[in-house]
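# An overview of the molecular structure
Each chain, written out:
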Amino acid sequence: MASAADFLQLGNQLEIQELESPSGIATAQVYGQLLAVYILQNDGNNARYLWKRIPASVKTASPELALLWNVGQKMWQRDFPGIYDMLNKEWPDHLKHLIVAIAESTRKRACCLVSQAYSSISAEDFATFVGMSVDEAVEAAVSHGWEADTQTRMILPKKTALPVEHVVPSEQQLERLTDFVSFLEN
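These notes cover the structure that comes with them. (Residues numbered from 1 in each chain as written. Predicted model: local features only at pLDDT ≥ 70, side-chain atom pairs only at ≥ 80, totals over all residues. Heavy atoms only, no water.)

For the rest of this paragraph, the subject is the pattern of salt bridges. One side chain can pair with another of opposite charge once the charged atoms of both are near each other. Within the structure shown, the criterion is met by 6 salt bridges. Notably, a salt bridge pairs lysine 74 with aspartate 79, separated by 3.7 Å at the nearest N-O pair. The partner of lysine 96 in a salt bridge is glutamate 90, with the nearest N and O atoms 3.6 Å apart. Classification of lysine 96 as partly exposed rests on a relative accessible area of 36%. Overlapping salt bridges, with partners in common, bring together Glu90, Asp93 and Lys96 in one network. (Salt bridge = Lys/Arg side-chain N within 4 Å of Asp/Glu carboxyl O. Buried < 20%, exposed > 50% of the residue type's maximum accessible area, 1.4 Å probe, protein only.)

As structure tokens, then:
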């Protein structure tokens, strides 16, 4: 499985491909992968702006773009069952590794939210949050070191440290902005 740094690098490469594409319009594959990377990174702002600048003709010619956009919308609405339903659809080969990463990242985020918000949760509700069957969800909870009571079908999560969000250094943001402005001026 690729690391977060690999996906960050992929996102940077895709942004460059988009900026350097002929007539300013990238391929549907570039747009799809870039949108998936933004969703994976939970970067709603960049995903929204990308969606707005994708030409309508590209959106209609590539139905996977609309599916990805729906995944992003469900994530921002915290509709976990909806996210997993969308992710379980058939995806083109160039997006499959990103979809798997989005599903894993969403599960990790859901587990973190549950551990922070609940002292106990029903196995059924936890399964809904992580997009698994009840038995798989109980196994996952136990593998996290949580307690699972088979009599009451309750899971007792243990609080975990919140993951550190990746922060883009100011210099890198300034460099990106400078590159973008110079691209627009030329």
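That was the structure; now back to the text.
For helix H3 (residues 44-53), the full list of buried residues reads Gly44, Ala47, Leu50 and Trp51. In a view along the axis of H3, the buried residues occupy a sector of 130 degrees, so they form one face of it. Across from the buried face of H3, at angles greater than 90 degrees, the exposed residues are Asn45, Tyr49 and Lys52. If you follow the buried residues of H3, they end up packed against helix H1 (4-20), helix H2 (28-40), helix H4 (56-61) and helix H5 (63-76). (Helix = DSSP H or I, 4+ residues; strand = E, 2+ residues; numbered from the N terminus. Arc of directions from axis to C-beta. Contact = heavy atoms within 4.5 Å.)

With that settled, the discussion passes to the side chain of glutamine 33. Tracing the backbone shows glutamine 33 in helix H2. You can call glutamine 33 buried: its relative accessible area is 12%. Once you skip the residues sitting within four places of it in the chain, glutamine 33 turns out to touch Leu14, His94, Leu95, His97 and Leu98.

A few words on the sheet that holds strand S3 (residues 154-156). The 3 strands are arranged S1-S3-S2 in an open sheet whose pairing can be described as antiparallel. The strands lining the two open edges of the sheet, one partner per strand, are strand S1 (121-122) and strand S2 (147-149). (Pairing = 2+ DSSP bridges.)

Attention now goes to the environment of isoleucine 121. Counting through the fold element by element, isoleucine 121 comes out in strand S1. Placed 49 residues apart in sequence, isoleucine 121 and glycine 72 show a C-alpha to C-alpha distance of 26 Å. Ignoring sequence-local partners within four residues, the contact set of isoleucine 121 consists of Val114, Phe126, Phe129, Arg153, Met154, Ile155 and Pro157.

Another aspect to go through is the packing of aromatic side chains. Inspection of every chain in the model, using the stated rule, returns 5 aromatic pairs. Consider the rings of tryptophan 51 and tryptophan 69, whose centres lie 5.1 Å apart with planes at 0 degrees: the pair is stacked. Linking tryptophan 51 in helix H3 with tryptophan 69 in helix H5, this pair joins segments that are 18 residues apart in sequence. Considered together, tryptophan 51 and tryptophan 69 belong to a single accessibility category, that of buried residues. The ring of tryptophan 76 has arginine 48 lying over it, and the distance from NZ or CZ to the ring centre is 4.8 Å. (Phe/Tyr/Trp six-rings, centres within 6.5 Å; stacked < 30°, edge-to-face > 60°. Lys NZ or Arg CZ within 6 Å of the ring centre and 35° of its normal.)

Here the focus is helix H8 (residues 123-130). Turning to H8, its buried residues are Ala123, Phe126, Ala127 and Val130. Seen end-on, H8 carries its buried residues on one side only, within an arc spanning 105 degrees. Note on H8: the residue one or two positions beyond its end, glycine 131, has a positive phi of about 65 degrees.

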